[in-house]
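Residue-level listing of the chains:
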Amino acid sequence: MTERVRCCVPFCRRTIAAEKLKPWNEWICGKHWSAVPKIERREYSWTKRRIPNSDATSVQWERLKAVAIEAAAGI
Ligand SMILES: [Zn+2]
């Protein structure tokens, strides 16, 4: 059976094949991703492209996760 990774947002039931996600092990589904402001998404993809696997990338990822979770909770 293929391993699935769940969306980072609590109670979100969406999953993605772990294979597709490599080398990452966390994921935000399309629906919750679109709740993250464009500027944040752009900054993250920029950092990921220029300096992959850096601390800056993981810091930004944690931030995006928090934003997506807050947006989902309607805060
Ligand atoms: Zn989700």
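Residues numbered from 1 in each chain as written. Predicted model: local features only at pLDDT ≥ 70, side-chain atom pairs only at ≥ 80, totals over all residues.

What is the right way to look at the overall build of the protein chain in this model?
What the protein chain contains, in helices and strands, is 4 helices and 2 strands. The order of α-helices and β-strands along the protein chain, N terminus first, is β-β-α-α-α-α. Taken over the C-alpha trace, the protein chain has a radius of gyration of 12 Å; the compact-globule value for 75 residues is 11 Å, and the two agree within 12%. Projected onto its principal axes, the C-alpha positions of the protein chain cover 35 × 30 × 15 Å. Residue burial in the protein chain is summarised as follows: out of 75 residues, 11% are buried. Excluding contacts between residues fewer than 6 apart, the proportion of contacts in the protein chain whose partners are at least 24 apart in sequence is 37%. (Helix = DSSP H or I, 4+ residues; strand = E, 2+ residues; numbered from the N terminus. Rg over C-alpha atoms; globule rule 2.2 N^0.38 Å. Buried ≥ 20, exposed ≤ 12 C-beta atoms within 10 Å, placed from the backbone. Contact = placed C-beta atoms within 7 Å.)

Scope: geometric values only; no functional claims are made or implied.
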